[in-house]
Each structure stands twice: as C-alpha cells, then as structure tokens.
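Analysis of the macromolecular model
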Amino acid sequence: MKLTDRQNQIVEIVKQQDPITSKQIAAKLGLSMPTIRSDLRLLTAFGILEAKPKVGYAFNYSQTKALSYTKLYAEPIENILQKPTEIREDATLTEAVNTLFIEDVGSLYVIGNNKELVGLISRKDLLRATLNNTNASLTLASTVMTRMPNIFTVTPDMSVIETGRLLLDRKVDSLPVVDKQNPTKVVGKITKNRIFQHFISSVD
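To start, this report covers the structure provided alongside it. Bear in mind that the values here come from a model prediction, so they are computed numbers and not experimental data. (Residues numbered from 1 in each chain as written. Predicted model: local features only at pLDDT ≥ 70, side-chain atom pairs only at ≥ 80, totals over all residues. Heavy atoms only, no water.)

**Points about the overall build of the protein chain**
Looking only at helices and strands, one finds eight helices and eight strands in the protein chain. Judged by the C-alpha coordinates and their principal axes, the protein chain covers about 60 × 40 × 25 Å. Taken across its 204 residues, the protein chain has 42% of its residues classed as buried. If you sum the accessible surface of the protein chain, you get close to 12100 Å²; carbon and sulfur atoms cover 49% of it. Separation of charge centres in the protein chain, based on 26 positive and 21 negative side chains, amounts to 6 Å. (Helix = DSSP H or I, 4+ residues; strand = E, 2+ residues; numbered from the N terminus. Buried < 20%, exposed > 50% of the residue type's maximum accessible area, 1.4 Å probe, protein only. Areas by Shrake-Rupley, 256 points an atom, 1.4 Å probe, with all protein chains shown as cover. Lys, Arg positive; Asp, Glu negative; His and termini not counted. Charge placed at Lys NZ, Arg CZ, Asp CG, Glu CD.)

What follows is the structure, given as structure tokens:
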C-alpha cells in the first residue's frame, strides 16, 4: 500500500512521540482534527497505528498482517451494499419522517409508480420541511425531495476507492446504487460508515 504524503507525516509524528492524541497530531500538521480523521482511521485499519483509548495513537511495531490492496480498495461495492430505504412518491411528510426514524437512516429514496428512482430526501430536508409545519400529514414528501437527474448515483461494479472518493467530493453520507443498465432502478445504497466497516472487517 502506498501512503499519501500526509499519512506518512502522521506516521513519523506518531513514531517520534507516541502515544500522541489526534488533537496533538493535527496541531503539529497545522490542520483541523476532522481533516486528518480519515487518515487516522485508515492507518489504524491497516494496523500501522494503534488507537489506545484515553491515551492516543501509537506506532504498531509488530505489524504481522499485510492487507491486500485488491481486497481493501479495488473490491466492487456490490459486495458490501446495504438495503435502500424507499418511500412512495405520494407519501406524506409525516410518513417520511416516521420511516426515517423507524429505519434509523439518513436519507430516503423516493420511488415512482414504475418503481423507478424519482428523488431523494435527506434527514436535513425533512427536518427543515417539518419545522413549524402544521400540515405535515397533508403535505407530500416529494415536494422537498431532490429530483432526478440531480442525484449523484453509483453502480455496483464501481470500486470501494472510487465510491469513497465520490462520497468525500460530494460531501454526502450516502449514495444510491443503481443498476448499470437501468440508472433509475435502485439496487442498494452505500454509505461512508459502510466503507469504514469494510476497512475494519478486513483487518480481522
């Protein structure tokens, strides 16, 4: 695996001063903690660093497990997809909010009469739309959705690294996964958290 310049800097800082907290590492780099969080997660997933609760990060001098680039990065996301949470196009805001919290998800995919993807509603969209709204049970959720084709989607054959970059570039927590031959047919979803779980499980 080839580390980025910043990741190599982090490794050297930890080697010289472990144990060291993420806050101290960020300060030495002149960056914010959220900026280096993904680097620390990756270095920990690879076993290069060890995260010690209430202590900080330490360099792992006994790395015995080499992770495959193919398994970690090049694996297609079809192997780690999650089930999408869908609602009908005629669902009300109240129904959408109930579904969101019952399923404990961050977004809902709005499906049309032919089961095609017509829109997406985020948690933020719903909270904004229902705030001080006395007619939530009468208002259609589709009135606040982001409509196709203004939704970024991915296909099952895309790699973990491609998808991860899209999630970061678009600054979203999840993306709908659609059939490659039929871009309005939802076959799953992929989230930042699911990709992180993939990294962690690859270490076990």
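**Concerning the pairing of strand β5 (residues 117–122)**
Of all six residues making up β5, six are buried, and the element is well covered by its neighbours. As defined by bridge partners, strand β4 (residues 107–111) adjoins β5 across five bridges and the pair is classed as antiparallel. Across the sheet, the residue bridging to S107 is S122, located in β5. Linking β4 back to β5 in an antiparallel pair, the connection comprises five residues, with K115 at a positive phi of about 65°. The pairing of β5 with strand β6 (residues 146–147) spans two bridges and is classified as antiparallel. Bridge pairing in β6 links G119 to R147. (Pairing = 2+ DSSP bridges.)

**Observations regarding unusual backbone geometry**
A cis geometry characterises the amide bond from D18 onward to P19, with omega recorded as 0°. The omega torsion across M148 and P149 is 10°, close enough to zero to call that bond cis. Counting through the fold element by element, P149 comes out in the loop between β6 and α7 (160–170). Not every positive phi belongs to a glycine, and K54 is a case in point at roughly 65°. Following the sequence through the fold, K54 ends up in the loop between β1 (49–52) and β2 (56–59). A relative accessible area of 91% places K54 in the exposed class. The backbone of D104 sits at a positive phi, close to 55°, despite the residue not being glycine.

**Some points on the sheet that holds β4**
If you trace the four strands from one edge of the open sheet to the other, you get β3-β4-β5-β6, paired in mixed fashion. Only two strands of the sheet have a single partner each, and these edge strands are β3 (86–88) and β6. Strands in contact with helix α5 (residues 93–103) are β3 and β4; relative to β4, the strand with the most contacts, it is inclined by about 130°. This element, helix α6 (residues 123–130), spans β4, β5 and β6 of the sheet and lies at about 70° to β5. (Contact = heavy atoms within 4.5 Å. Axes fitted to C-alpha atoms, helices over the stretch in contact; angles between N-to-C directions.)

**Observations concerning α5**
Of the positions making up α5, those classed as buried are L93, A96 and L100. Viewed end-on, α5 has its buried residues packed into an arc of 60°, placing them on one side of the element. At its buried positions, α5 is contacted by β3, β4 and α6. (Arc of directions from axis to C-beta.)

**Focus: the packing of helix α1 (residues 5–17) against helix α3 (residues 33–45)**
At their nearest, the axes of α1 and α3 sit 10 Å apart, and the two run at 70° to each other. Judged by the angle between their axes, α1 and α3 are roughly perpendicular. Touching R6, Q7, I10 and V11 of α1 are T35, I36, D39, L40, L42 and L43, all from α3. (Parallel < 35°, antiparallel > 145°, perpendicular 65-115°, else oblique.)

**Description of the pattern of salt bridges**
If you walk through the whole model with that rule in mind, you get seven salt bridges. The salt bridge involving K180 is made with D157; its shortest N-O contact spans 3.0 Å. Separated by 23 residues along the polypeptide, K180 in the loop between β7 (174–178) and β8 (186–191) and D157 in the loop between β6 and α7 bring together distant segments of the chain. A relative accessible area of 40% means that D157 is categorised as partly exposed. Shared partners join several salt bridges into a network, and the residues in it are R88, D90 and E95. (Salt bridge = Lys/Arg side-chain N within 4 Å of Asp/Glu carboxyl O.)

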